[in-house]
Amino acid sequence: MGKKTRILAFANNKGGSGKTTTCANVGYSLSLLGKKVLLIDGDMQMNLSLSFFSEEEVLKLASGEKNLYYGVKKQEDLSDYRITTPYENLDLIPSSTLMSGIEYELFTKWQREMILKNCLAGIRESCEYDYILIDAPPTLGGWVINILCASDGVILPVEASPWGLFGVANMFEFLEDVKKIAPGLALLGVVITKLDARKNYGRQTLEALKAFEEVSVFSTVIRVDSEIEWAQDNSRPVYAYKKSARSALEYMELAKEVDNYARRIRQH
Ligand SMILES: Nc1ncnc2c1ncn2[C@@H]1O[C@H](COP(=O)(O)OP(=O)(O)OP(=O)(O)O)[C@@H](O)[C@H]1O
Ligand SMILES: [Mg+2]
């Protein structure tokens, strides 16, 4: 108790950039570092939930009422929507395919950008967690605005590929717009993911990112590693699947960096 809870979103409108993989593995690594972590699956694809539970379990959670969709739709305190994962210090609020309709649900509500923030107020005030990590879908609508308004910081995973930076300027502009209603939101940094050392895109991606002043890039880069997919196929974070995997060590390093930067941002 007595902790300060930092809420961080993993967002990028570019699909497949590594948001979910990074959210799940940074979350697990932080829990191994002794931090208490709550993961929130904000995407109808339910990939974050599937990172910890089998398809059967996830579909069961999605078809019940104990998932993010109902919590947000009913504008309830999300404390009751948490479930424990098989890992110590790591809880999850699962998603549902119904999340595809969340924009519609929010549309007519009063102060609709702040609904998720309000739903999380109780958990934040309880100071039970060091980190709440939210996995965002690859969109830029009202629901992602909710996720960002609920967050203290945002991390942008960018894939080191020819199209990885496609749309990233839009994303930065979008973040600037969101800051008008969430002035405390900090862009923690860009994480380069899925780097294939045999190709040259890593350097190209870094060079292109330099064009955006005031955008910092995490020094830990996540390289392509097939163990990630094996781990996901087994509903486990990569460190829990194979401790010696390169990506397991990289995500541990990234988690330390995230912790280091996130401590410095102020809460809003
Ligand atoms: N370092 C890596 N090495 C190999 N494969 C990876 C790596 N990181 C992610 N992947 C794979 O790339 C795909 C996309 O990753 P992920 O689901 O994390 O991206 P995302 O940004 O969450 O996607 P979406 O926009 O659909 O939510 C997944 O199949 C995942 O297994
Ligand atoms: Mg995802």
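About the criteria used
- Residues numbered from 1 in each chain as written.
- Chains lettered and ligands numbered in written order.
- Predicted model: local features only at pLDDT ≥ 70, side-chain atom pairs only at ≥ 80, totals over all residues.
- Pairing = 2+ DSSP bridges.
- Helix = DSSP H or I, 4+ residues; strand = E, 2+ residues; numbered from the N terminus.
- Near = placed C-beta within 6 Å.
- Nonpolar A, V, L, I, M, F, W, Y, C, P; charged D, E, K, R; others polar.
- Right-handed = clockwise from strand over helix to strand, strands pointing away.
- Axes fitted to C-alpha atoms, helices over the stretch in contact; angles between N-to-C directions.
- Parallel < 35°, antiparallel > 145°, perpendicular 65-115°, else oblique.
- Contact = placed C-beta atoms within 7 Å.
- Core = buried A, V, L, I, M, F, W, Y, C linked by C-beta atoms within 7 Å.
- Buried ≥ 20, exposed ≤ 12 C-beta atoms within 10 Å, placed from the backbone.
- UniProt positions renumbered as here; feature names shortened; annotations may be inferred.

**A word on the sheet that holds strand S5 (residues 131–135)**
In space, the 7 strands of this open sheet follow the order S3-S4-S2-S5-S1-S6-S7, with mixed pairing throughout. Of all strands in the sheet, those with a lone pairing partner are strand S3 (83–84) and strand S7 (186–193), marking the two edges. Here 5 bridges tie strand S1 (residues 6–10) to S5, and the two strands are oriented parallel to one another. Across the sheet, Phe10 pairs through a bridge with Asp135, a residue of S5.

**Examining the site of ligand 1**
Around ligand 1, the structure places 20 residues, and the nearest of them are Gly15, Lys19, Thr20, Thr21 and Pro138. Of all the secondary structure elements, the ones that give two or more residues to the shell around ligand 1 are helix H1 (19–32) and helix H10 (226–233). Looking at the shell around ligand 1, its residues break down into 4 nonpolar, 11 polar and 5 charged.

**Observations regarding the pairing of S7**
Judged from the 7 bridges that link them, strand S6 (residues 153–159) and S7 form a sheet pairing that is parallel. Opposite Val154, over in S7, you have Leu187 as the bridge partner. In this fold, the crossover linking S6 to S7 by way of helix H8 (residues 168–181) has right-handed handedness.

**A closer look at the packing of H1 against helix H12 (residues 246–262)**
Two elements in contact, H1 and H12, have axes whose closest approach is 8 Å; the angle formed by their N-to-C orientations is 75°. Judged on the interaxial angle alone, H12 and H1 are roughly perpendicular. Between H1 and H12, the contacting residues are Asn25, Val26, Ser29 and Leu30 on the first element and Tyr251, Met252, Leu254, Ala255, Val258 and Asp259 on the second. Here the residues of the contact of H1 with H12 are counted per class, giving 7 nonpolar, 2 polar and 1 charged.

**Considerations on unusual backbone geometry**
If you check the backbone angles, Met46 has positive phi at about 60° while not being a glycine. You can see Met46 is positioned in the loop between strand S2 (37–41) and helix H2 (47–50). Despite not being glycine, Gln75 shows a phi value in the positive range, around 55°. Looking at where Gln75 falls in the secondary structure, it is placed in the loop between helix H4 (68–73) and S3.

**A word on the nonpolar core**
Formed by 82 residues in total, the largest nonpolar core has its most connected members in Ile132, Leu133, Ile134, Ile147 and Leu148. If you tally residues by element for this core, the top one is H12, at 7 residues. When neighbours within four sequence positions are excluded, Leu133 is seen to be in contact with Leu8, Phe10, Cys23, Val26, Gly27, Val37 and Leu39.

**A word on the UniProt feature "domain: AAA" (unreviewed entry) in the chain**
This chain's UniProt record puts "domain: AAA" (unreviewed entry) on residues 6–180. A helix fraction of 41% and a strand fraction of 16% characterise residues 6–180, whose end C-alpha atoms lie 20 Å from each other.

**Some words on the pairing of S2**
The buried fraction of S2 amounts to 5 of the 5 residues, a majority that puts the element mostly inside the structure. Of the two faces of S2, both are covered, the one formed by Val37, Leu39 and Asp41 as well as the one formed by Leu38 and Ile40. Pairing geometry for S2 and strand S4 (residues 90–93), over 4 bridges, is parallel. Counted as the bridge partner of Leu39 is Leu92 from S4. Pairing of S2 with S5, which is carried by 5 bridges, proceeds in the parallel orientation. Paired with Val37 across the bridge in S5 is Tyr131.

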